[in-house]
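Coordinates in review
Here's the letter readout for the chains.
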Amino acid sequence: MSEQPRRPRKPGKPYRRPQKDPVRFLAFEALRAVDERDAYANLVLPPLLRKAREKDGFEARDAALATELVYGTLRRQGTYDAIIAECVDRPLREVDPPVLDVLSLGAHQLLGTRIPTHAAVSASVELARVVLGDGRAKFVNAVLRKIAQDDLDGWIAKVAPPYDDDPEDHLAVVHSHPRWVVSALWDSLGGGRAGIERLLEADNERPEVTLVARPGRATAEELLREESAVPGRWSPYAVRLAEGGEPGAVDAVREGRAGVQDEGSQLVALALANVPVEGRDEKWLDGCAGPGGKAALLAALAAERGAMLLASEKQPHRAGLVAKALAGNPGPYQVIAADGTRPPWQPGSFDRVLMDVPCTGLGALRRRPEARWRRRPEDLEGFAPLQRELLRTALDSVRVGGVVGYATCSPHLAETRAVVEDVLKQWPGAELVDARPLFPGVPELGEGPDVQLWPHVHGTDAMYLAVIRRTG
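Conventions we followed
Residues numbered from 1 in each chain as written. Predicted model: local features only at pLDDT ≥ 70, side-chain atom pairs only at ≥ 80, totals over all residues. Heavy atoms only, no water. Helix = DSSP H or I, 4+ residues; strand = E, 2+ residues; numbered from the N terminus. Buried < 20%, exposed > 50% of the residue type's maximum accessible area, 1.4 Å probe, protein only. Lys, Arg positive; Asp, Glu negative; His and termini not counted. Salt bridge = Lys/Arg side-chain N within 4 Å of Asp/Glu carboxyl O. Contact = heavy atoms within 4.5 Å. Core = buried A, V, L, I, M, F, W, Y, C linked by side-chain atoms within 4.5 Å. Phe/Tyr/Trp six-rings, centres within 6.5 Å; stacked < 30°, edge-to-face > 60°. Lys NZ or Arg CZ within 6 Å of the ring centre and 35° of its normal.

1. Comments concerning the side chain of R75
- On the secondary structure map, R75 appears in helix α3 (residues 60-75).
- Buried and without a salt bridge, R75 has E68 as its closest oppositely charged side chain, separated by 5.4 Å.
- With sequence-adjacent residues up to four places away left out, R75 is seen in contact with S176, D203, N204, E205, R206, P207, R366, P369 and R372.

2. Here's the deal with the nonpolar core
- By size, the foremost hydrophobic cluster in this structure holds 56 residues, and its most contacted members are L26, V70, L103, V140 and I147.
- Counting 43 residues, the second-largest nonpolar core is a separate cluster that includes A302, A311, A407 and L465.

3. Points about the environment of L43
- Examined against the element boundaries, L43 turns out to sit in helix α2 (residues 41-55).
- Residues L43 and E126 lie 83 residues apart in sequence; the distance between their C-alpha atoms is 27 Å.

4. Details of the packing of aromatic side chains
- Applying the stated rule across the entire model yields two aromatic pairs.
- When the ring of W345 is compared with that of F350, the centres are 5.9 Å apart and the planes differ by 85°; the resulting orientation is edge-to-face.
- On the basis of relative accessible area, F350 is assigned to the buried category, the value being 2%.
- When the centroid spacing of 6.4 Å and the interplanar angle of 75° are considered together, the rings of Y406 and Y464 count as edge-to-face. Separated by 58 residues along the polypeptide, Y406 in strand β9 (residues 398-408) and Y464 in strand β12 (residues 464-470) bring together distant segments of the chain.
- For K158, the ring lying beneath its charged end belongs to W155, and the centroid distance is 4.4 Å.
- Of note, R193 hangs over the ring of Y163, and the distance from its end group to the ring centre comes to 3.7 Å.

5. Section: unusual backbone geometry
- The amide bond that connects G290 to the next residue, P291, takes the cis arrangement and shows omega of 0°.
- Along the chain, P291 turns up in the loop between β5 (283-286) and α15 (293-304).
- Even without being a glycine, S228 presents a positive backbone phi close to 65°.
- Position of S228 relative to the elements: it lies in the loop between α12 (220-223) and β2 (229-231).
- The backbone of E444 shows a phi angle near 50°, a positive value even though the residue is not glycine.
- Here E444 is to be found in the loop between β10 (430-433) and β11 (451-452).

6. Focus on helix α9 (residues 167-175)
- Among the residues of α9, H170, L171, A172, V173, V174 and H175 are the ones counted as buried.
- As for α9, its buried residues are in contact with α4 (77-86), α8 (152-159), α10 (179-189), α11 (193-203) and α17 (371-374).
- Directly after α9, the chain includes S176, whose backbone phi takes a positive value near 55°.

7. Thoughts on the environment of C288
- Its place among the elements puts C288 in the loop between β5 and α15.
- Since its relative accessible area comes to 15%, C288 is described here as buried.
- A sequence separation of 89 residues divides C288 from L199, and the C-alpha atoms of the two residues are 28 Å apart.
- Excluding residues within four positions of it along the chain, C288 makes contact with S312, E313, L354, M355, D356, V357, P358 and L390.

Laid out in structure tokens, this is it:
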């Protein structure tokens, strides 16, 4: 199928100007920002929705549809690309990106929602007329009519290779993940087909909004008074907004007494805070503190024990976010902008150190579905030296008898166990602590001593934690 140049309209036929659909136009804007600026949908979409409420009178159902169109399209992008490729006569890389975005939005409406076929096609063509012009709108119309000839299961049967011929490629197309990500997650998870399918399916589900009540400033009981609020699964400070909900409408969130934080991140901070240490317990460090969620929880926990937290973040603008998250903490704390590989503090200064290192983010694909398409296997090589150096800094920064928590929001073995094992080989005065008892009530934590959480098992991001005690 080729994009057709604009044809002159027939004499005597009145021209109908395209009508702008604010919901689909907003979804298209968001996808273009993600594609053109490498923006993240969870950062782009809220200001667009606020503007639409003020300018276009968006109601809750409009915002819900726009959100579903954006996130649904991004989550299933790989599957939709394979289907669209079957319906055009050229490689997808030769289709203009804005055209591909309109086609993907249309494909999601046809194959991933309950929008009637006629409405999905006509609305997508009208969007194409607005943002692409009449000529390319005809191309969009022709492609979407071909897509509409079958449902999602039928298309997957056509475009995905059989599982027995190529398991990883089959799963990549069916569950819309790059093949290398499927392979890496499968290696980390282990086991057979059922587990990896459940994990990939969980990555494509819309995550609940999870709040954290910051100790000494808010309680879970207070947050549970919110509409549709239910208790967290594992963290005593977690509350889930089961119907989605708007965190900004919660008083405690607006006032900074609570925040939005995945339960896996809460559990990592709690685990570090609850490791027994020998001797004093007065100075804690969050060595990669931005944007401040774990730091805020750690600072509150430290305040309850009369300890102080130093939150260090290399990027000044992210250090500003940390300062905002910690503002109003009841106990002493300090926020600095500093490079964790060249720390300004003295060795052995801290009793507890959390080092939640920069990583590929493969553990948070539910929240940032576009990240799966941006990451490349070679990104691991870029992160590896930094992750090892930051862990060495953490071990150097903690006193003998103190503890380090090495955390990542990635389950990739090259970012988790490989880093810990490599550093400990060169650091004889440190030993792994069994982290599993630090996650009370949480099931299926593996053989230890480290802990890997999973979306499909624990309902959290795929957070990893290794706890290390400095012994000499």
